[in-house]
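Here are the chains, one letter per residue:
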Amino acid sequence: MLQLNDLIRISLRQVVRQHKRYLGVLLAIALGTGLMIVIMTMGDEVKSNLNKDLDLLGGATIIKVFFEDGGADRMDRPESFRDGSVETVNALPGVNATTLVHMAGGYATFDKHDTDFIMFGVDEHYWKVNGLHQKAGELFGKEAMDKRLRVVVLGEELAMRIFGRLDVVGEWISVNRVLYLVVGLLDAGSVSERGKWGYTPLTTMMDFWPNVEPRRMYVRCNTWDDVGPVSEQVITAIRARQKADHLRVEVAWEALKHIKRIVWWVELFIYFSISATLLLGGFGIWNGMMTAVKSRTREIGLKKAMGAEDIDIMKQFIAEAVALSFFAGVLGVGLGYGGVELATWLLKSQAPQDLLYLYSLMSIIFTVLLGLGAGFFPALRASRMEVVSAIRYE
Amino acid sequence: MREPVIQVRGMTKDYSNGPQVIPILKGIDLDVYPGDMVAIMGPSGMGKSTFLFILGLLLPPSGGSYMVKGQEVAKLTRSQQAQFRRTFAGFVFQSCNLFEHTKVFENLEFPLIYAGVPRKDRAAMIDEALAKVNMMHRRNHPANRLSGGEQQRVSIARALVNRPSIIFADEPTGQLDLKHSRMVMEHFQRFVSEDKTAMVVVTHDPGVAEQCTRTLYLRDGNLYEQ
Ligand SMILES: Nc1ncnc2c1ncn2[C@@H]1O[C@H](COP(=O)(O)OP(=O)(O)O)[C@@H](O)[C@H]1O
Ligand SMILES: [Mg+2]
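Residues numbered from 1 in each chain as written. Chains lettered and ligands numbered in written order. Predicted model: local features only at pLDDT ≥ 70, side-chain atom pairs only at ≥ 80, totals over all residues. Heavy atoms only, no water.

Here we look at the overall build of chain B
Looking only at helices and strands, chain B features seven helices and 10 strands. Radius of gyration (C-alpha) of chain B: 17 Å, near the 17 Å computed for a compact globule of 226 residues. With the C-alpha coordinates of chain B rotated into their principal frame, the extents come out at 50 × 45 × 40 Å. The buried share of chain B, reckoned over its 226 residues, is 55%. When the accessible area of chain B is evaluated, it comes to approximately 9700 Å², of which 49% is carbon and sulfur surface. (Helix = DSSP H or I, 4+ residues; strand = E, 2+ residues; numbered from the N terminus. Rg over C-alpha atoms; globule rule 2.2 N^0.38 Å. Buried < 20%, exposed > 50% of the residue type's maximum accessible area, 1.4 Å probe, protein only. Areas by Shrake-Rupley, 256 points an atom, 1.4 Å probe, with all protein chains shown as cover.)

As structure tokens, then:
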């Protein structure tokens, strides 16, 4: 009877010594496994990075939450977001960032010349939610909000209208007869409308404009998969804290569907490629073992002659297939680790370690099963060989 | 009273070729005692190898009785036969006896593994068998780099390693020149006489038969003394 430790030792030895014969198969399985680990581990990370980097895609993950006008017959004060709304929404799972916005008219005076424009009162999260960057200067942050600073960020088109030039950071302008420092020039990105507007801290707007009560909120989700659940939860979450009968949610469903469809195809393609690689690897093992069984016919005959039973021969070939696929799996996990490292470096993010371990373990189990499956039939065939015809085989 | 290692009575073997039944062995009687070295000669295609396979429990006979050390073995199951072979018989064939991608001592380890010999006891048994054929100096060599004669000597050592009661050899010198053929037969002789083991060797070579204790001819399905 073949002992387990002998079986393992002999099979590993056999595979190591015949590594040249199995190198292609080994690499195919390792590559497939490695890719699988990288994609499963980094999938969500990649998706959320796509969101951040591509304004086109990012737009689809932004939910607009707003109070509808009550109507002419309503006498009570219109509803608006109370303090803490942003924090409440941020606490929902899948939310990346939230911002409150208020829109008001204004006129800027520079060099005795008035320009009408629309001013946005925004908090420090506005830029992140909308994926905005500056052309020059900087986009104001928390300090400006907390200290209610009189600063303004201008769209390029607006800057041209007011100043007739773009090097305006550091200039002072008067808005509604109050002096503001121009701290930044906005890069409008793909939404050219944004270039027409000015932006000042929401708190500052509250100080200098009448009736500033934010009635509009933008919520950015981590990935497009989060948009549905978040849009369902956001109203309930706010209603739990305040009266909000006229609260509405607006989602760019069309854009979202479009993106989801593209991503679905991309994912399908990737998983298909990986499956094909692994399948090919499995077939490679099967084919390699089949050839091995044939070319080792005489060895099988001799071993049976010296007392090996059918089951011993079977075990030996299965163990070789499993050893082979196990090596491939380990190599694949190595590649996977490398791939994840590379991906985190490229995305400037962190790898979810627990996922990495989980998927690595799963991959090893999977490749072992692959070896078992692919090795079974050749092994069965080897074990069933007639001892005499195997010995007579040249 | 000496007891035979193997005792064959009225053994027959037919091969079926489609509907046609071809009798190969037609009622053979044979006793082999410890210390016997029986040469079987005869024209090729007469069934010498077939007979040897049956004696080695690798092939079932069609009829007759076959006793090994007093036990009837003709009707054992496949698995029982395998168990029997582990300690009862050692085989040496004409060529290509050694396994690919193995070293000399690893070749000798397989019979011990299948026989369930504990790992710690194996090295001593392997070395003893290798010493008997003067191959200790090649212990860690890759098997496929040995010369034909050396390979046959290792095969003999492998057949001996489990200390079997009988050795079956099918033209073991068929691929060797005169010098190496002599050497191989001398190893067999020494082993048989020292360990009181039996041996049945199929051969074409009268020189080999001369080194045996008894020579038989297989012709038309029957065994004849010289
Ligand atoms: N499995 C088989 N089925 C049918 N005929 C066989 C089979 N094996 C061997 N034979 C035939 O039996 C005869 C004896 O073969 P073999 O024992 O190898 O003879 P020898 O070893 O004396 O040359 C040959 O004619 C051979 O073709
Ligand atoms: Mg023959």
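What to know about the overall build of chain A
Along chain A, the regular secondary structure elements total 14 helices and 10 strands. Here the C-alpha radius of gyration of chain A, 33 Å, is well above what a compact globule of 394 residues would show, namely 21 Å. Taken across its 394 residues, chain A has 51% of its residues classed as buried. For chain A, the accessible area works out to roughly 19500 Å², and carbon and sulfur atoms hold 62% of it. Of the side-chain charges in chain A, 43 are positive and 44 negative, and the distance between the mean point of each set is 8 Å. (Lys, Arg positive; Asp, Glu negative; His and termini not counted. Charge placed at Lys NZ, Arg CZ, Asp CG, Glu CD.)

Quick notes on the pairing of strand β9 (residues 214-219) of chain B
Residue and element names in this part refer to chain B. Across four bridges, strand β3 (residues 37-41) lies against β9 in parallel orientation. Across the sheet, residue Val-38 finds its bridge partner in β9, namely Arg-214. As defined by bridge partners, β9 adjoins strand β10 (residues 222-225) across four bridges and the pair is classed as antiparallel. What sits directly across from Tyr-217, in β10, is Tyr-224. Counting the residues in the hairpin turn of β9 and β10 gives two residues, including Asp-220, whose phi is positive at 50°. (Pairing = 2+ DSSP bridges.)

Observations concerning the site of ligand 1
The environment of ligand 1 is made up of A:Arg392, B:Tyr15, B:Ile24, B:Ser44, B:Gly45, B:Met46, B:Gly47, B:Lys48, B:Ser49 and B:Thr50. Between A:Arg392 and ligand 1, the recorded distance is 2.7 Å, taken from a side-chain N or O atom to an oxygen atom. Note that a nitrogen atom of ligand 1 is positioned 3.5 Å from one of the side-chain N or O atoms of B:Tyr15. For ligand 1, the accessible surface in isolation is 560 Å², of which the surrounding protein chains cover 62%. Ranked by the residues each element gives to the shell around ligand 1, the list is headed by helix α1 (residues 48-55) of chain B, at three residues. (Near = heavy atom within 4 Å. Polar contact = N/O pair within 3.5 Å; in protein donor to acceptor, adjacent residues only side chain to side chain.)

Quick word on the nonpolar core
If you look at the biggest cluster of nonpolar residues, it comprises 81 residues, and the most contacted ones within it are B:Ile6, B:Phe51, B:Tyr66, B:Phe88, B:Ile166, B:Phe168 and B:Val200. Counting residues per element, this core draws most heavily on helix α12 (residues 310-347) of chain A, which supplies 10 residues. Counting 49 residues, the second-largest nonpolar core is a separate cluster that includes A:Phe81, A:Leu154, A:Leu185 and A:Leu247. (Core = buried A, V, L, I, M, F, W, Y, C linked by side-chain atoms within 4.5 Å.)

Quick notes on the domain arrangement of chain A
Many analyses report the size of an interface as the accessible area lost when the parts associate. Its domain assignment divides chain A into domain 1 (4-52 + 259-392) and domain 2 (61-251). Using only C-alpha atoms to locate each centre, domain 1 of chain A and domain 2 of chain A end up separated by 54 Å. (Domains from an automatic or database assignment.)

Considerations on the packing of aromatic side chains
All names here are of chain A. Tallying each qualifying case throughout the model produces 18 aromatic pairs over all chains. Geometrically, the ring pair formed by Phe-120 and Tyr-199 is tilted, given 5.7 Å between the ring centres and 35° between the ring planes. Of this pair, Phe-120 sits in strand β3 (residues 113-122) while Tyr-199 sits in strand β8 (residues 198-201), and the two are 79 residues apart along the sequence. For the pair Phe-120 and Tyr-199, one class covers both residues: buried. Measuring from centroid to centroid gives 5.5 Å for Tyr-126 and Trp-127, while their planes differ by 85°, and the two rings are edge-to-face. Each of the two residues, Tyr-126 as well as Trp-127, counts as buried. A connected cluster of aromatic rings, assembled from ring pairs, spans Phe-120, Tyr-126, Trp-127, Phe-140, Trp-197 and Tyr-199. (Phe/Tyr/Trp six-rings, centres within 6.5 Å; stacked < 30°, edge-to-face > 60°.)

Things to note about the sheet that holds strand β1 (residues 6-17) of chain B
Residues and elements named next belong to chain B. Ordered in space as β2-β1-β4-β5, the four strands form an open sheet in which the pairing is antiparallel. The open sheet has two edge strands with one neighbour each: β2 (20-32) and β5 (71-72). Direction of pairing for β1 relative to strand β4 (residues 63-68): antiparallel, over a ladder of five bridges. Within the sheet, the bridge partner assigned to Gln-7 lies in β4 and is Met-67.

Looking at helix α4 (residues 119-132) of chain B
All names here are of chain B. Its 14 residues place the ends of α4 21 Å apart at the C-alpha level, agreeing with the 20 Å of an ideal helix rising 1.5 Å per residue. All buried positions along α4 are accounted for by Arg-122, Met-125, Ile-126, Ala-129, Leu-130 and Lys-132. The buried residues of α4 all sit within an arc of 150° when viewed along its axis, so they share a single face. Residues of α4 that are exposed and angled more than 90 degrees away from the buried face: Lys-120 and Ala-124. (Expected span 1.5 Å × (residues − 1). Arc of directions from axis to C-beta.)

Details of the packing of helix α3 (residues 104-114) of chain B against α4(B)
Residues and elements named next belong to chain B. In the contact formed by α3 and α4, the axes pass within 9 Å of each other and the chain directions differ by 120°. On the basis of their axis angle, the class for α3 and α4 is oblique. The chirality of how α3 crosses α4 is right-handed. Counted together, Val-104, Phe-105, Leu-108, Glu-109, Leu-112 and Ile-113 of α3 and Arg-119, Arg-122, Met-125, Ile-126, Ala-129 and Leu-130 of α4 form the full contact between these two elements. Looking at side-chain class alone, the contact of α3 with α4 contains nine nonpolar, no polar and three charged residues. (Axes fitted to C-alpha atoms, helices over the stretch in contact; angles between N-to-C directions. Parallel < 35°, antiparallel > 145°, perpendicular 65-115°, else oblique. Left-handed = near helix turned anticlockwise from the far one by under 90°. Contact = heavy atoms within 4.5 Å. Nonpolar A, V, L, I, M, F, W, Y, C, P; charged D, E, K, R; others polar.)

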